[in-house]
Amino acid sequence: MDAEDVDLKAPPSKFKDASPVPPPREGPLVHRGGDDLQWVDHKDSSTGNVHASEGLGARAEKMESFSAPTGVRQRVVQSIIISKAYVESSWRGMRSWKEFADRTKFTTPTKMDALGRAKVNLVYFKSNYMLVMGFICIWTVLANVHFTISMLISAVAWKIYLELSDGGRNTIMLPGNRQLRPIEAYTGLSLCTFLGFYITGGSSTVFWLIATCLLVIVGHASMREAAATQAELALEELNRQDNIPPDWV
């Protein structure tokens, strides 16, 4: 290389971090559309077929197809994992139903006794109460079919919109070149959800569900004698953290 080809006035950093020049390819650079550029290696004279290496766009698409699962699938998998872990944890803390429904342990408490019993029993029978509440919710869903269908349709509509609009950040194109802006979509979906909730008696259904759960759970926790003491609950929690099963359970 001649001296005149080098810019002597350029700072040294111009050449210091220069990456090595890749070897030249034999074929011309061909534009395949978009951002995808490909080198054509050679042309088979016998068949006339052109053999080209993969462009950057094609490689990116292939890598993306083998990468992490899509957003919907990933959220479903995460939800299943979290639900499974929660169910397993709750099942391990389930108390004996014979102990839970022992009629000899139910007495009429004073106001102070009721608070003390509830404070202990709500922790001791926590998993049992969660299962009872789940049965009450299932009963409510089956007893109010119209409300359940209305809320399911609203949930599916919200899910579809959020997926198509990337979480409500993008405008959706409708037939006839009409744009659905986020503010319009949110307003329409909220109004439809509220109307479905009101027409199917959602307020009375939710009120009945909450009242029933509170009556059953709080009533049981306050009427039943304390199943343990505060010290025993604290010891059990420590043993659970250390993976040592308590000998008094």
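On a predicted model such as this, the values are computed, not experimentally measured, just so you know. (Residues numbered from 1 in each chain as written. Predicted model: local features only at pLDDT ≥ 70, side-chain atom pairs only at ≥ 80, totals over all residues. Heavy atoms only, no water.)

**So, the overall build of the chain**
Part 1 of the argument: A count of helices and strands for the chain gives 10 helices and 5 strands.
Part 2 of the argument: Burial analysis of the chain (249 residues in total) assigns 21% to the buried set.
Part 3 of the argument: Contacts in the chain between residues far apart in sequence, at least 24 positions, make up 56% of those at least 6 positions apart.
Part 4 of the argument: Accessible surface for the chain amounts to roughly 19100 Å². Of this, 65% is attributable to carbon and sulfur atoms. (Helix = DSSP H or I, 4+ residues; strand = E, 2+ residues; numbered from the N terminus. Buried < 20%, exposed > 50% of the residue type's maximum accessible area, 1.4 Å probe, protein only. Contact = heavy atoms within 4.5 Å. Areas by Shrake-Rupley, 256 points an atom, 1.4 Å probe, with all protein chains shown as cover.)

**Examining the pattern of salt bridges**
Part 1 of the argument: Counting across every chain of the model gives 4 salt bridges.
Part 2 of the argument: Lys159 serves as the salt-bridge partner of Glu163, at 3.6 Å between the closest nitrogen and oxygen. Separated by 4 residues within a single helix, Glu163 and Lys159 lie in helix α7 (residues 145-164), roughly one turn from each other.
Part 3 of the argument: With its nearest N and O atoms 3.2 Å apart, the salt bridge here joins Arg181 to Glu184.
Part 4 of the argument: Among the ionic contacts, a cluster of salt bridges with common partners joins Arg178, Arg181 and Glu184. (Salt bridge = Lys/Arg side-chain N within 4 Å of Asp/Glu carboxyl O.)

**Let's talk about the side chain of Thr148**
Part 1 of the argument: Mapped onto the fold, Thr148 is located in helix α7.
Part 2 of the argument: Judged by its relative accessible area of 18%, Thr148 falls in the buried class.
Part 3 of the argument: Side-chain polar atoms of Thr148 contact the backbone oxygen of Val141, separated by 3.0 Å. (Polar contact = N/O pair within 3.5 Å; in protein donor to acceptor, adjacent residues only side chain to side chain.)

**Overview of helix α5 (residues 111-124)**
Part 1 of the argument: The end-to-end C-alpha distance of α5 is 20 Å, a good match for the 20 Å that 14 residues give at a rise of 1.5 Å each.
Part 2 of the argument: Restricting attention to buried positions, one finds in α5 the residues Ala114, Arg117, Ala118, Val120, Asn121 and Tyr124. (Expected span 1.5 Å × (residues − 1).)

**So, the environment of Gly116**
Part 1 of the argument: On the secondary structure map, Gly116 appears in helix α5.
Part 2 of the argument: Taking the relative accessible area as the measure of exposure, Gly116 reaches 34% and is therefore partly exposed.

**A word on the packing of α5 against helix α9 (residues 202-223)**
Part 1 of the argument: Packing of α5 against α9 brings their axes to within 7 Å, and their N-to-C directions diverge by 110 degrees. Taken together, the axes of α5 and α9 lie roughly perpendicular to each other. Between α5 and α9 lies a crossing of right-handed hand. In this structure, α5 uses Ala114, Arg117, Ala118, Asn121 and Leu122 to contact α9, whose residues at the interface are Ile217, Ala221, Ser222 and Met223.
Part 2 of the argument: In terms of residue class, the contact of α5 with α9 is made up of 6 nonpolar, 2 polar and 1 charged. (Axes fitted to C-alpha atoms, helices over the stretch in contact; angles between N-to-C directions. Parallel < 35°, antiparallel > 145°, perpendicular 65-115°, else oblique. Left-handed = near helix turned anticlockwise from the far one by under 90°. Nonpolar A, V, L, I, M, F, W, Y, C, P; charged D, E, K, R; others polar.)

**Comments concerning the packing of aromatic side chains**
Part 1 of the argument: For the coordinates displayed, the defined rule picks out 10 aromatic pairs.
Part 2 of the argument: Seen in terms of ring centroids, Phe147 and Phe197 are 5.8 Å apart; in terms of plane orientation they differ by 70 degrees. Their pairing is edge-to-face. Taken together, the residues span a long stretch of sequence, with Phe147 in helix α7 and Phe197 in helix α8 (residues 182-199) at a distance of 50 residues.
Part 3 of the argument: Judged by its relative accessible area of 27%, Phe197 falls in the partly exposed class.
Part 4 of the argument: Here Tyr161 and Tyr186 contribute two aromatic rings whose centre-to-centre distance is 5.7 Å and whose plane-to-plane angle is 80 degrees, an arrangement assigned as edge-to-face. Placement of the pair is Tyr161 in helix α7 and Tyr186 in helix α8, with a sequence separation of 25 residues. (Phe/Tyr/Trp six-rings, centres within 6.5 Å; stacked < 30°, edge-to-face > 60°.)

**Looking at the nonpolar core**
Part 1 of the argument: Ranked by size, the top nonpolar core spans 14 residues in total, and within it Phe100, Tyr124, Phe125, Tyr129, Ala228 and Leu233 carry the most contacts.
Part 2 of the argument: For this core, the elements supplying multiple residues, two or more each, are α5, α6 (126-143) and α9.
Part 3 of the argument: Within the second largest apolar cluster, 5 residues are counted, among which are Ile172, Leu180, Ala185 and Leu189. (Core = buried A, V, L, I, M, F, W, Y, C linked by side-chain atoms within 4.5 Å.)

**Some details on unusual backbone geometry**
Part 1 of the argument: In the Ramachandran plot, Asp166 falls in the positive-phi region, its phi being about 55 degrees despite a non-glycine side chain.
Part 2 of the argument: One can find Asp166 in the loop between α7 and β4 (172-174).

**Quick word on the environment of Leu122**
Part 1 of the argument: With respect to the helices and strands, the residue Leu122 is situated in helix α5.
Part 2 of the argument: On the basis of relative accessible area, Leu122 is assigned to the partly exposed category, the value being 37%.
Part 3 of the argument: Leu122 sits 104 residues away from Ala226 along the chain, and the two C-alpha atoms are 9.6 Å apart.
Part 4 of the argument: Setting aside chain neighbours within four positions, we find Leu122 in contact with Tyr129, Ile217 and Ala221.

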